[in-house]
Amino acid sequence: MFPSMDCKREKEQDAECEKITAVLLKSRTGEFDLESILFLKLRVLGIHDLGCIGECVNLERLDLFGNNVTNIGPLSSLRLLSVLNLSSNRISNIEPLRSCENLQTLNLAGNVISSTENLHCLVSLKKLENIRLRDNTYNYSNPVCRSASYRALVLEMFPNIKVLDGERVVGRGSELYQLCKDIDETIKAGSYKNGQLIEHPDCKPWVDDGYWEIKRSNNAIIEEAYKQFNDVLHECRLLNNRATHVISQTERSMSLKKQPKQYAI
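Cut-offs applied
Residues numbered from 1 in each chain as written. Predicted model: local features only at pLDDT ≥ 70, side-chain atom pairs only at ≥ 80, totals over all residues. Heavy atoms only, no water. Helix = DSSP H or I, 4+ residues; strand = E, 2+ residues; numbered from the N terminus. Buried < 20%, exposed > 50% of the residue type's maximum accessible area, 1.4 Å probe, protein only. Contact = heavy atoms within 4.5 Å. Areas by Shrake-Rupley, 256 points an atom, 1.4 Å probe, with all protein chains shown as cover. Salt bridge = Lys/Arg side-chain N within 4 Å of Asp/Glu carboxyl O. Polar contact = N/O pair within 3.5 Å; in protein donor to acceptor, adjacent residues only side chain to side chain. Patch = residues over 30% accessible without salt bridge, like charges linked within 9 Å, V, L, I, M, F, W, Y side chains within 5 Å. Lys, Arg positive; Asp, Glu negative; His and termini not counted. Charge placed at Lys NZ, Arg CZ, Asp CG, Glu CD. pLDDT = per-residue confidence, 0-100. Core = buried A, V, L, I, M, F, W, Y, C linked by side-chain atoms within 4.5 Å.

Time to look at the overall build of the protein chain. Secondary structure summary: the protein chain contains five helices and nine strands in total. Start at the N end of the protein chain and walk to the C end: the helices and strands fall as α-α-β-β-β-β-β-α-β-β-α-β-β-α. When burial is assessed residue by residue, the protein chain has 27% of its 265 residues classed as buried. Counted over contacts in the protein chain with a minimum sequence separation of 6, partners at least 24 positions apart contribute 35%. Summed over all atoms, the accessible surface of the protein chain reaches about 19100 Å², with 53% contributed by carbon and sulfur.

Below you can see the structure in the form of structure tokens.
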């Protein structure tokens, strides 16, 4: 029994996704010219070869989350890249990123970077202000994060970064973030006794009911702005409902087209 044309086509598409090709990039973005691509999302496609991605020289944002990438050499030509997500791959060497001089945000959580020495190539990137090597939300990390001195070493290596592993370390809001973190840890430490959650029946709210409600103003200008905002919000909800309806209709018609045709013999 011979495989159907559909099965053959699916296998060819799977093989194509293992390597980034011009055909894949054009089909994903709708752009005819690779140089016209500014934003690119290629998540969880089983990619292990970045292929011709280096030809997207004007690329500004790239998301390669959840693939099997080990060699990021082709990224060295992406001088305009500002946001790069390489989380959940198999990367150990990030040397090619040295030439990505516009890089501002870099996510490397869930790879195999073993030492802070592997990060030295990023020191020359003056615009880099957000680095992530660990993501506790999804349990992504790197071997380098196991070191007790990891955080201190990274902050010493990159004195200008503002965010490390999702936590703001300098700049506006950093003190508030640390305060909230300390309060949270204190609450957690004081909420349990002998492994049991302590109940506090006499606890009272910090503020009165209605404290956080928006107070209406008697100012006519503010009232008019408030009314216009509500009108715009209502229109947005209507547009969202229409879009949802159109999308569901399109998906339904596409699913009908994909059903195999029945022929009577």
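A side chain of one charge can pair with a side chain of the opposite charge if their charged atoms are brought near each other. Following the criterion strictly, the structure yields six salt bridges and no others. Asp-63 is paired through a salt bridge with Arg-43; the nearest N and O atoms lie 2.6 Å apart. Taken together, the positions of Asp-63 in strand β2 (residues 61-63) and Arg-43 in the loop between β1 (39-41) and β2 put the pair 20 residues apart, joining distant regions of the chain. Owing to a relative accessible area of 36%, Arg-43 belongs among the partly exposed residues under this scheme.

Time to look at the side chain of Asp-135. Secondary-structure assignment places Asp-135 in the loop between β5 (130-132) and α3 (150-157). Exposure remark for Asp-135: the relative accessible area of 10% places this residue in the buried category. Engagement of the side chain of Asp-135 in a polar contact is seen with the backbone nitrogen of Thr-137, the distance being 3.1 Å. When sequence neighbours within four positions are dropped, the list of residues in contact with Asp-135 reads Ala-109 and Tyr-140.

Before going further, it helps to examine a negative patch on the surface. Together, Glu-31, Asp-33, Glu-35 and Glu-55 line one region of the surface with negative charge. If you trace the backbone, Asp-33 turns up in the loop between α2 (22-29) and β1. Among the residues examined, Asp-33 registers a relative accessible area of 44% and is labelled partly exposed.

Let's shift gears to the confidence of the model for the protein chain. Across the protein chain, the average pLDDT comes to 82, with 72% of residues at or above 70. Low pLDDT (under 50) marks residues 1-16, which in the prediction has three contacts with non-local residues, meaning those over four places away or in another chain.

Moving on, we get to the nonpolar core. The biggest cluster of nonpolar side chains holds 47 residues, and the ones touching the most others in it are Leu-62, Leu-75, Ile-94 and Leu-122. Among the secondary structure elements, those contributing two or more residues to this core are α2 and α3. Among the elements that line this core, the one with the most residues is α3, at three residues. Leave out the neighbours within four places in its chain, and Ile-94 touches Ile-72, Leu-108, Ile-113, Asn-118, Leu-119, Cys-121 and Leu-122.

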